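Spelled out, the chains give:
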Amino acid sequence: MLIVMRHGATEEEIQRVVGVIREMGYQARPMPGAQRTAVGLVGNDGRVESSRLESLPGVQEVIHVSKPYKQVSREWKVENTVVRLTGGITLGGPDVVVIAGPCSVESERQILESARHVREAGAVILRGGAFKPRTSPYSFQGLGRPALKLLGKAREETGLLICTEAMDPDGVGWVSEVADIIQIGARNMQNFSLLRAAGRAGKPVLLKRGIAATITELLLSAEYLLAEGNNDVILCERGVRGFDPTTRNLFDLSAIPVVQKLSHLPIIADPSHGTGLREKVIPMARAAVAAGADGIMVEVHPDPDAARSDGAQSLFPEQFVQLMREVRVIAEVIGRRIAEPASVGA
Ligand code: PEP
Ligand code: MN
């Protein structure tokens, strides 16, 4: 439930609303906006007597948030959430952020080479899994904690921010020591204990859409993070399981404007996992930027044929250069700009 205060409501009136909400046994979250303040009521068990709030001085209206998710919804917060990262990089503002790098961290040489390349081409965030959620237990599972060290080294050398996946609550602690963004993978979108741990980690979280998750389910998973007090959540469309094996997944481009209407959270797109095929990645990256994505996540490998995971969908370095060139033009057409590495570390 959202209590919208009148334009010009006094601090006293706002505090009175906060006090009454607390008296009723719920949490109050005042949210000052450009026009007016709204006070969120958290913990609504469906039995809130809203008339008591409606009649308080300074209250304009009480909005019943009918969606199953609350804090992630546009009704709850009208303005876009802008996630602010180190070095002035923002996600959810006018800039379009490019996150790039290999699927997995494989060696010091591989990750440093990847980092140098993607930075030079214009990415601002390096991706690379230390802990890999693999369908088969016999596939490469990632180098684990040593890979986090290597990511730290890449960050130090290039100034790139780091986005890497945590697979379990223990991993959240390790990952947050080095990562600027904690990634929650598609397979873990509904791992609720992991979501709660990530929500408490004090770092921005990138939440990928589950393999067969509806948008409502994606937003409910994001709600777990916000419910833990973490507002720095970035959603990611990465394709859902389709019926047609021509592509690895069905890349749901329409999820971008759909989510933007329902939620204030930034949303990025991952055309690499979305398609699973290298030659489809550039066209779908272009399409995602045109559709209004706040960023793209792209797998790039110095030698994709030798990659230990997802080589078939990883771009060759020179293809990534082409991708960057093309998305810059598209971003400009829709009045946006690709975030520049020059601002990293500024
Ligand atoms: C990844 O980013 O490498 C990954 C495993 O992605 P997803 O969780 O979307 O499959
Ligand atoms: Mn991958």
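What you see is a predicted model, and the numbers here were worked out from it, not measured in a lab.

As a further point, take the domain arrangement of the protein chain. Looking at the assigned domains, one finds that the protein chain contains domain 1 (2–63) and domain 2 (83–338). One C-alpha centre belongs to domain 1, the other to domain 2; they are set 37 Å apart.

Further remarks concern the pattern of salt bridges. In this structure the tally under the stated criterion is 18 salt bridges. Put simply, Arg-127 and Glu-299 hold a salt bridge, and the shortest N to O gap is 3.4 Å. Of this pair, Arg-127 sits in strand 8 (residues 125–127) while Glu-299 sits in strand 14 (residues 295–299), and the two are 172 residues apart along the sequence. For the pair Arg-127 and Glu-299, a shared accessibility class is recorded, and that class is buried. Among the ionic pairs, Glu-279 bridges to Lys-280, the shortest N-O distance being 2.4 Å. Owing to a relative accessible area of 60%, Glu-279 belongs among the exposed residues under this scheme. Overall, the relative accessible area of 30% leaves Lys-280 in the partly exposed class.

Attention now goes to the nonpolar core. Counting residues in hydrophobic clusters, the biggest one holds 68 residues, and the most contacted among them are Leu-126, Leu-207, Leu-235, Ile-296, Phe-320 and Leu-323. Apart from the residues lying within four places of it in its own chain, the contact partners of Leu-323 are Val-281, Ile-282, Ala-285, Ile-296, Val-298 and Leu-315.

On to the layout of surface pockets. A water-sized probe rolled over the atoms picks out the places where empty space is left. If you add up the space inside the largest pocket, you get close to 320 Å³. Along the wall of the largest pocket there are 17 residues; nearest its centre are Gly-33, Arg-36, Ala-38, Val-78 and Glu-79. Among the elements of the structure, strand 1 (2–5), strand 2 (27–32) and strand 4 (59–63) are those that each provide at least two residues to the lining of the largest pocket. Tallying contributions element by element places strand 4 first for the lining of the largest pocket, with 3 residues. Along the lines of polarity and charge, the residues of the lining of the largest pocket split into 9 nonpolar, 3 polar and 5 charged.

Another aspect to go through is the site of ligand 1. As a matter of local geometry, ligand 1 sits amid Cys-103, Arg-127, Lys-132, Glu-165, Gln-183, Gly-185, Ala-186, Arg-187, Lys-208, Arg-238, His-273 and Glu-299. Here an oxygen atom of ligand 1 sits 2.7 Å away from a polar atom, N or O, in the main chain of Ala-186. His-273 is positioned with one of its side-chain polar atoms (N or O) 3.2 Å from an oxygen atom of ligand 1. Protein chains bury 97% of the 300 Å² of accessible surface belonging to ligand 1 in isolation. Its residues placed into classes, the shell around ligand 1 shows 2 nonpolar, 3 polar and 7 charged.

Turning our attention to the side chain of Thr-81. By the secondary structure assignment, Thr-81 is in the loop between strand 4 and strand 5 (83–84). Judged by relative accessible area, Thr-81 falls into the buried class, the value being 7%. There is a polar contact of 2.7 Å between the side chain of Thr-81 and the side chain of Lys-77. Ignoring sequence-local partners within four residues, the contact set of Thr-81 consists of Leu-91, Gly-92, Asn-231, His-264, Leu-265 and Pro-266.

Looking now at the confidence of the model for the protein chain. The predicted model of the protein chain has a mean per-residue pLDDT of 95, with 98% of residues at 70 or higher. At the level of individual helices and strands, the protein chain shows its lowest average pLDDT in helix 2 (residues 51–54), which scores 92, and its highest in strand 12 (residues 233–237), which scores 99.

Definitions and limits used
- Residues numbered from 1 in each chain as written.
- Chains lettered and ligands numbered in written order.
- Predicted model: local features only at pLDDT ≥ 70, side-chain atom pairs only at ≥ 80, totals over all residues.
- Heavy atoms only, no water.
- Domains from an automatic or database assignment.
- Salt bridge = Lys/Arg side-chain N within 4 Å of Asp/Glu carboxyl O.
- Helix = DSSP H or I, 4+ residues; strand = E, 2+ residues; numbered from the N terminus.
- Buried < 20%, exposed > 50% of the residue type's maximum accessible area, 1.4 Å probe, protein only.
- Core = buried A, V, L, I, M, F, W, Y, C linked by side-chain atoms within 4.5 Å.
- Contact = heavy atoms within 4.5 Å.
- 1 Å grid on protein atoms, 1.4 Å probe; cavity = no way out; pocket = protein on both sides within 12 Å on 5 of 7 lines; lining within 4 Å.
- Points joined across faces, edges and corners; volume = space filled by probe spheres on them.
- Nonpolar A, V, L, I, M, F, W, Y, C, P; charged D, E, K, R; others polar.
- Near = heavy atom within 4 Å.
- Polar contact = N/O pair within 3.5 Å; in protein donor to acceptor, adjacent residues only side chain to side chain.
- Areas by Shrake-Rupley, 256 points an atom, 1.4 Å probe, with all protein chains shown as cover.
- pLDDT = per-residue confidence, 0-100.

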